[in-house]
Amino acid sequence: MSARHSSLLHVRVLVERLLGRKPQPSTSAPSPADQTVSRNVRLLSWFNFLGDFRMYGPIMVIYFAQVTGSYAAAASLLAVKMLSSAAFEVPTGVLSDRLGRRGTMIAGAVVMTAAHLGYAGASGYGLLLAAVVLEGLATSLWSGNNESLLYDTLLEAGREEEFPRHSGRVNSMFQIALALAAALGGVVAGTWSPRVVVVLSVVPQVLCVLVALWVREPRVHGPRESSVLAHLGSALRGIRRNPVLRRMTLVSALRYSSESAAQLSPVFVTGLWPLWALGLWRTFGHGVAFIGFRVSGCVIGRVGAARTLLFGELFDNVANFLALIKPTVFSPVLLGSPAYGMSTIAQQTLLQREFTDRERATMGSLASLLGSVLYALVALGAGLVADRWGIVPALLAIQAVVLIALPLAWWVHAHASSLPASAGTATD
């Protein structure tokens, strides 16, 4: 370093001190933890995009019916997939906490690839059944783990307050993938066949494995329990003793159960729009959700996670009731709310703040398990209502269940700031 440059540097430091500013380091090279944040956020974004780039999504039931020769058999496969995901939820959450985020993520990608190979090569019900069980396992491996990986990566760098912004951007990639894959899959299926669509959908899953291999493992915080049962018991006690976490776990489960409406909404939409417009409606919904996810970090940064969740849920409930109580040609548009993405990231932010570091993925899996159970119950009840009274009463019934989340979200909004600091760093 020249004498002139050294003098200028000393003058700069002196001026910054006189102005009350903290002197900046002479080098702009990021720390290893900051480099890991940049790397993992970028890789998680691509992982989410590739993982949900499934061109067979809109025709999955049709493809299953072609292979099995029965729509009842196709529906049973979808049910098994949901049940297998629920069955593996808690064991895979414990696995993530005890063996690491990166390894669990890679395992999920490998299992998901195997599931898609099963779909592509299936000639009957047996292989499809094995494939849906594998997909349920892969989904449970990622559930709780990938959000924990992102939060732990930020926590290691001391940047956990940035979680809403990064989580919003990472999760928005799901919506882009779903929108593009649905549009492209329809074209490919019409030009060739549904099986070609399924075969091509294997490629993004293979790329997911390669992306996962490049992810860096964040540092594990806190000591581990001596056994799996002790670990699970500690996670359950942590949820029971934390009033914010108890209520947020219920909010998460109730919001997840409302997604059963996605299976019935197309029936409602086709009663108002022509069948060919159904794909456009799906694309519009994914596009609106993408915007919500992208702006969620900015919104949460300005008004707070609890307030974003409360008013997001209130907005969605009002919009959905307006769409269903007096259906018009505009009603399907109201079902696609930008508040969904913001509410989802706000919910994840509140949960991650309350989860303990050593049981983060296990607690997330317990919340997901409760959500899966409620989803199954609400879907079954809504189906019975639809058979007896019609599609609109069924969707209203689902909406009535979601209303239970509003007072819980209000309690969190009113009390979260006055309660003791979250248990996120607890190690006792």
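A. Looking closely at the overall build of the protein. A tally of regular secondary structure across the protein gives 20 helices and zero strands. When the 428 residues of the protein are sorted by exposure, 48% land in the buried category. Surface summary for the protein: the accessible area is close to 20,000 Å², and the carbon and sulfur share equals 67%.

B. The arrangement of helix H10 (residues 202–213) in detail. Spanning twelve residues, H10 covers 18 Å between terminal C-alpha atoms, matching the ideal 16 Å at 1.5 Å per step. Where H10 is buried, its residues touch helix H2 (32–51), helix H5 (101–121), helix H6 (125–142) and helix H9 (194–200).

C. Molecular detail of the nonpolar core. By size, the foremost hydrophobic cluster in this structure holds 52 residues, and its most contacted members are Phe47, Tyr56, Phe64, Met105, Tyr119, Leu128 and Val197. The residues contacting Met105, other than those within four sequence positions of it, are Leu44, Phe47, Trp142, Asn145, Asn146, Leu149, Ala212 and Val215. Counting residues in hydrophobic clusters, the runner-up holds 29 residues, among them Met248, Leu350, Leu366 and Leu408.

D. Inspection of the environment of Thr362 at higher detail. Locating Thr362 in the fold gives a position in helix H18 (residues 360–389). Residue Thr362 is classed as buried on the basis of its relative accessible area of 0%. In this view, Thr362 contacts Gly93, Val94, Asp97, His231, Leu232 and Ala235; residues no more than four positions away in its chain are not counted. Among the polar contacts made by the side chain of Thr362, one reaches the main-chain carbonyl oxygen of Gly93 at a distance of 3.3 Å.

E. Inspection of the packing of helix H12 (residues 243–257) against helix H20 (residues 405–415) at higher detail. One way to put it is that H12 packs onto H20 with a least axis distance of 9 Å and a crossing angle of 150°. Regarding the angle of H12 to H20, the classification is roughly antiparallel. With respect to the hand of their crossing, H12 and H20 are arranged in left-handed fashion. Taking contact as the criterion, the partners of Pro243, Val244, Arg247, Met248, Leu250, Val251 and Leu254 in H12 are, on H20, Ala405, Leu408, Ala409, Trp411 and Val412. The class makeup of the residues in the contact of H12 with H20 is eleven nonpolar, no polar and one charged.

F. A look at the environment of Ala405. Position of Ala405 among the secondary structure elements: in helix H20. Judged by its relative accessible area of 1%, Ala405 is buried. A sequence separation of 91 residues divides Ala405 from Leu314, and the C-alpha atoms of the two residues are 9.7 Å apart. Setting aside anything within four residues of it in sequence, one finds Ala405 in contact with Val251, Leu254 and Glu313.

G. Region of the structure containing the packing of aromatic side chains. Using the criterion set out here, one finds nine aromatic pairs in the structure. Geometrically, the ring pair formed by Phe64 and Tyr119 is tilted, given 5.6 Å between the ring centres and 50° between the ring planes. Within this pair, whereas Phe64 is found in helix H3 (residues 60–68), its partner Tyr119 is found in helix H5, the two being separated by 55 residues in sequence. Seen in terms of ring centroids, Tyr151 and Phe163 are 5.4 Å apart; in terms of plane orientation they differ by 65°. Their pairing is edge-to-face.

H. Inspection of the environment of Leu278 at higher detail. For Leu278, the position within the fold is in helix H14 (residues 278–303). With residues up to four places along the chain from it excluded, the contact list for Leu278 reads Pro266, Val269 and Thr270.

I. Main features of the pattern of salt bridges. Scanning the model with the defined rule gives eleven salt bridges in all. Between Glu135 and Arg54 there is a salt bridge, with the nearest N and O atoms lying 2.8 Å from each other. Taken as a pair, Glu135 in helix H6 and Arg54 in the loop between H2 and H3 lie far apart in primary sequence, 81 residues in all. Both residues of the pair, Glu135 and Arg54, belong to the buried class. Among the ionic pairs, Asp152 bridges to Arg101, the shortest N-O distance being 3.0 Å. Pair noted here: Asp152 is in helix H7 (residues 145–156) and Arg101 is in helix H5, with a separation of 51 residues, a long-range link.

J. Broad picture of the confidence of the model for the protein. Within the protein, residue pLDDT values average 84, and 88% of them lie at 70 or more. Mean pLDDT values for the elements of the protein range from 46 in helix H1 (residues 3–18) up to 97 in H10.

K. Main features of the side chain of Thr349. Structurally, Thr349 is set in helix H17 (residues 339–354). Once residues lying within four places of it in the same chain are set aside, the contact partners of Thr349 are Phe163, Pro164, Ile300 and Ala305.

L. Representation of the side chain of Gln347. In this fold, Gln347 is placed in helix H17. Residue Gln347 is classed as buried on the basis of its relative accessible area, which comes to 5%. Looking at Gln347, its side chain comes within polar contact range of the side chain of Ser252, at 3.4 Å. Setting aside residues no more than four positions away along its own chain, Gln347 makes contact with Met248, Val251, Ser252, Arg255 and Leu309.

M. Broad picture of H14. Relative to the 38 Å expected for 26 residues at 1.5 Å per residue, H14 spans 35 Å between its end C-alpha atoms, a close match to the ideal helical length. Remark: the principal bend of H14, roughly 45°, maps to Ser296. For H14, the full list of buried residues reads Leu278, Trp281, His286, Val288, Ala289, Gly292, Phe293, Ser296, Gly297 and Ile300. Once H14 ends, the next one or two residues include Gly304, with phi positive near 95°.

Rules behind the numbers
Residues numbered from 1 in each chain as written. Predicted model: local features only at pLDDT ≥ 70, side-chain atom pairs only at ≥ 80, totals over all residues. Heavy atoms only, no water. Helix = DSSP H or I, 4+ residues; strand = E, 2+ residues; numbered from the N terminus. Buried < 20%, exposed > 50% of the residue type's maximum accessible area, 1.4 Å probe, protein only. Areas by Shrake-Rupley, 256 points an atom, 1.4 Å probe, with all protein chains shown as cover. Expected span 1.5 Å × (residues − 1). Contact = heavy atoms within 4.5 Å. Core = buried A, V, L, I, M, F, W, Y, C linked by side-chain atoms within 4.5 Å. Polar contact = N/O pair within 3.5 Å; in protein donor to acceptor, adjacent residues only side chain to side chain. Axes fitted to C-alpha atoms, helices over the stretch in contact; angles between N-to-C directions. Parallel < 35°, antiparallel > 145°, perpendicular 65-115°, else oblique. Left-handed = near helix turned anticlockwise from the far one by under 90°. Nonpolar A, V, L, I, M, F, W, Y, C, P; charged D, E, K, R; others polar. Phe/Tyr/Trp six-rings, centres within 6.5 Å; stacked < 30°, edge-to-face > 60°. Salt bridge = Lys/Arg side-chain N within 4 Å of Asp/Glu carboxyl O. pLDDT = per-residue confidence, 0-100. Bend = angle between axes of the 7 residues up to and from the residue.

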